[in-house]
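# A closer look at the structure
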Amino acid sequence: MKLLQLLPIGNVDDGLLKDLRPAVEETFHVSCKVLSVRLDPEFAYHGERQQYHSSEILRRMQSFLTDDSWRLLGVTAVDLYIPILTFVFGEAQMGGPCAVVSAHRLRQELYGLPADPKLFRQRVIKEAVHELGHTVSLTHCDDYRCAMAPSHAVEWIDLKESTLCTACQSVATPATKVSSGHFF
Amino acid sequence: MSTLGKLLIVDDELSVRDSLGKWFREEGYDVTTLENAGDALTQLAAQRWDVALVDIKMHGTDGIELQRRMHEIDPELLVIIMTGYASVETAVAALKNGAYDYVTKPLDPDDIAHLVKNALAHKRTAQENVLLRETVAEVARPEDMVGQSGPMRKVFEAVETVGPTDATVLITGESGTGKELVARAIHQASSRRFHPLVAIHCGALTETLLESELFGHEKGAFTGAQFRKKGKFEIAEGGTIFLDEIGDISLRTQTDLLRVLQEREITRVGGNQTIKVDFRCIAATNKDLEKLIEEGKFRPDLFYRLNVFRIELPPLRERRDDIPPLVNHFVQKFSMAMNKRITRVAPAAMNQLQEQPWLGNVRELENAVERAMVVGQEPELKEQDFIFKSQGAANGSSKTLEDMERAYILRVVEECGGNQSHAAELLDIDRVTLYHKLKKYGWTRTPVETR
């Protein structure tokens, strides 16, 4: 039986990881476990941009994969980027085992607004489901309510739900069944 | 699985190709990444993309040059230039060369997602627009040009030859031969067909009105000019202007017209600003312009400007073989318009139609068929539905008004048994007037009295 593993990257709130578990378990029908190890992201830091290169983090995460891993989701509070874009909310290996999601730009405070912990948690869950969706080969979805809908700004994240639409779910479920060997 | 569109990314940095390629694939695009201009041009010769994202700074051929060469291969490709830092020069160079837009690296995810999405929507709308225009052009093709005779085949060939060129055309021929139809066919066969065809009947307007119609006028240019008005040359921008009855314009307007044809710019009446205009000119006349030149009524230099390619339309009497197909065409046209199920013309009537002089040419024939369609009964038009001219009339010896008056008065007087008072009453003229007319026409009572 394989597991969906959550890997804390840098200083990330344990409570957030605990909130994520039931949400991703429900969507992907697979048991989820928070790893006790932690990845220090400093190797991926870009001094000029003051951001962390998500693709490099994904590469480093490979070494955390075990025989038990169905998927490995890195969760971080640092700001992520890929060289051509100003930022990313997360990155995933399309049809691969690893994905990373950043909580940095999901906080209301970043936009000069009062903190909203509930909204923040919802955004992290939606983006975690979204990146994990890419690992089961899902591309972006036209249904704006689906977690796989493209969202390049928090307003778009707020519009969608944390669950997959029927079409995306029908792709995700068999993928989970085959590769995890377990139907949760 | 269908994709949102086909994207090509050309950048010599591997990290950009990989990261942007992956990012757009996740978005749902079919992405190809290439590392240099040479590869891009080679591949573009073999396949098509909807949008290309091209780095401005690459080894060898830069993005601006690549974009120019890509458009030589595929003019419909939308190119977005990616630049390391924004500068006015870069933007101007890119956009001047026909780039769809340019973006600064690193790209804002929301901006680039919208830009590519909008570019694809723009392209699809443009493609749809072309398709619709072609469909409309197909439906709206001038169909009234009917004829299989030798002279008309030559006309069709001439239209086909000159249509796609931008040459000025002079169409000559008698009234009613279809000069405007030929002008429309030339316009339809040209690359200007998606722009307006503006027809102006020069003979119908006074000199000052024609000037204002052709060149437009500024507010207050003359009494009644309450608003600025665009002239026909401005309205025809990009399209064709058809100057009908060109032989009827004054020498002064001829001078102005010559200047427009030479300079391709106009000045509105009452204005002093010159306006560049882009048009093709087709002129038509039923007059003998060479003769008008000899008489000093037409400028030879304007004639030479207009007479670049000449199409002479034959009168209908010189192509009588075309009368049956023309009649059938008009029958079909009016049966649809009048909702009458008349589908043919009796052979005797058709023979008569072919014998008529048709001095008014196709227009007269069309009117004759229209009239017959009004009075005719389904399913065919018969001889009695047409008004045929007698052979004498056909020879041009038609009766004068005086002849007709004489015949009518004598007939009424005879019907009244020679009673002039009664006849005057029926004719609604006084008895003295009738008396004078009878005297003039040499009427005597004798034949009546012998009855």
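Here, every reference points to the structure presented above.
A few points on the structure. Everything quoted here is computed from the prediction, not taken from an experiment. (Residues numbered from 1 in each chain as written. Chains lettered and ligands numbered in written order. Predicted model: local features only at pLDDT ≥ 70, side-chain atom pairs only at ≥ 80, totals over all residues.)

### Quick notes on the overall build of chain A
Just so we agree on the cut-off: Per the convention used, a helix needs a DSSP run of H or I reaching at least four residues, while a strand needs a run of E reaching at least two, with both numbered from the N terminus. Here exposure depends only on C-beta density: within 10 Å of a residue's C-beta, 20 or more other C-beta atoms make it buried, 12 or fewer make it exposed, and intermediate numbers make it partly exposed, the C-beta atoms being placed from the backbone. Throughout, a residue-residue contact means that the two C-beta atoms, derived from backbone geometry, are no farther apart than 7 Å.
If you tally the helices and strands in chain A, you get five helices and eight strands. Considering chain A as a whole, with its 184 residues, one finds that 45% of them fall into the buried category. Expressed as a percentage of contacts within chain A between residues at least 6 apart in sequence, the contacts between residues at least 24 apart total 66%.

### Notes on the interface of chain B and chain A
Spelled out, the test is: Side-chain classes follow a simple rule in which Ala, Val, Leu, Ile, Met, Phe, Trp, Tyr, Cys and Pro form the nonpolar group, Asp, Glu, Lys and Arg form the charged group, and the remainder, Gly included, forms the polar group.
Contact with chain B, which involves 17 residues of that partner, is made by 14 residues of chain A. Breaking the side of chain B that touches chain A down by element, the ones donating at least two residues are helix H1 (14-27) and helix H5 (109-139) of chain B. Per element, the largest residue contribution to the side of chain B that touches chain A is nine residues, and it comes from H1(B). Taken together, the residues of the side of chain B that touches chain A sort by class into seven nonpolar, three polar and seven charged.

### What to know about the sheet that holds strand S6 (residues 80-81) of chain A
All names here are of chain A. Formally: Two strands form a pair only when DSSP identifies at least two bridges running between them. What counts as an axis is a line fitted to C-alpha atoms, over the stretch in contact for a helix, and the angles between N-to-C directions run from 0 to 180 degrees.
Across the sheet, which stays open at both edges, the three strands sit in the order S3-S4-S6 with mixed pairing between neighbours. At either end of the open sheet lies a strand with only one pairing partner, and these are strand S3 (45-46) and S6. Pairing of S3 with strand S4 (residues 51-53) involves two bridges; the strand directions are antiparallel. Each residue of the ladder has a partner; that of Tyr45, found in S4, is Tyr52. Across the face of the sheet, helix H2 (residues 54-61) comes into contact with S4 and S6 while running at roughly 50° to S4.

### Quick notes on the packing of helix H2 (residues 37-46) of chain B against helix H3 (residues 63-73) of chain B
Packed helix pairs are characterised by how far apart their axes lie and by the angle those axes make with each other. All names here are of chain B. We apply this condition: Should an angle fall under 35 degrees it is called roughly parallel, over 145 degrees roughly antiparallel, and 65 to 115 degrees roughly perpendicular, with every other angle called oblique.
At a minimum axis distance of 10 Å, the contact between H2 and H3 shows a crossing angle of 10°. Judged by the angle between their axes, H2 and H3 are roughly parallel. Residues Ala37, Ala40, Leu41, Leu44 and Ala45 of H2 form the contact with H3, whose participating residues are Leu66, Arg69, Met70 and Ile73. For the contact of H2 with H3, a count of residues per class yields eight nonpolar, no polar and one charged.

### What about the pairing of strand S6 (residues 169-172) of chain B?
Residues and elements named next belong to chain B. Burial along S6 is two-sided: Val169 and Ile171 and Leu170 and Thr172, pointing in opposite directions, are all buried. Bridge count between S6 and strand S13 (residues 280-285): four bridges; the pairing is parallel. Residue pairing across strands places Ile171 opposite Ala284, the latter belonging to S13. Both S6 and strand S14 (residues 309-312) contribute to a ladder of four bridges, which runs parallel. Residue pairing for S14: Leu170 is matched across the bridge by Arg310.

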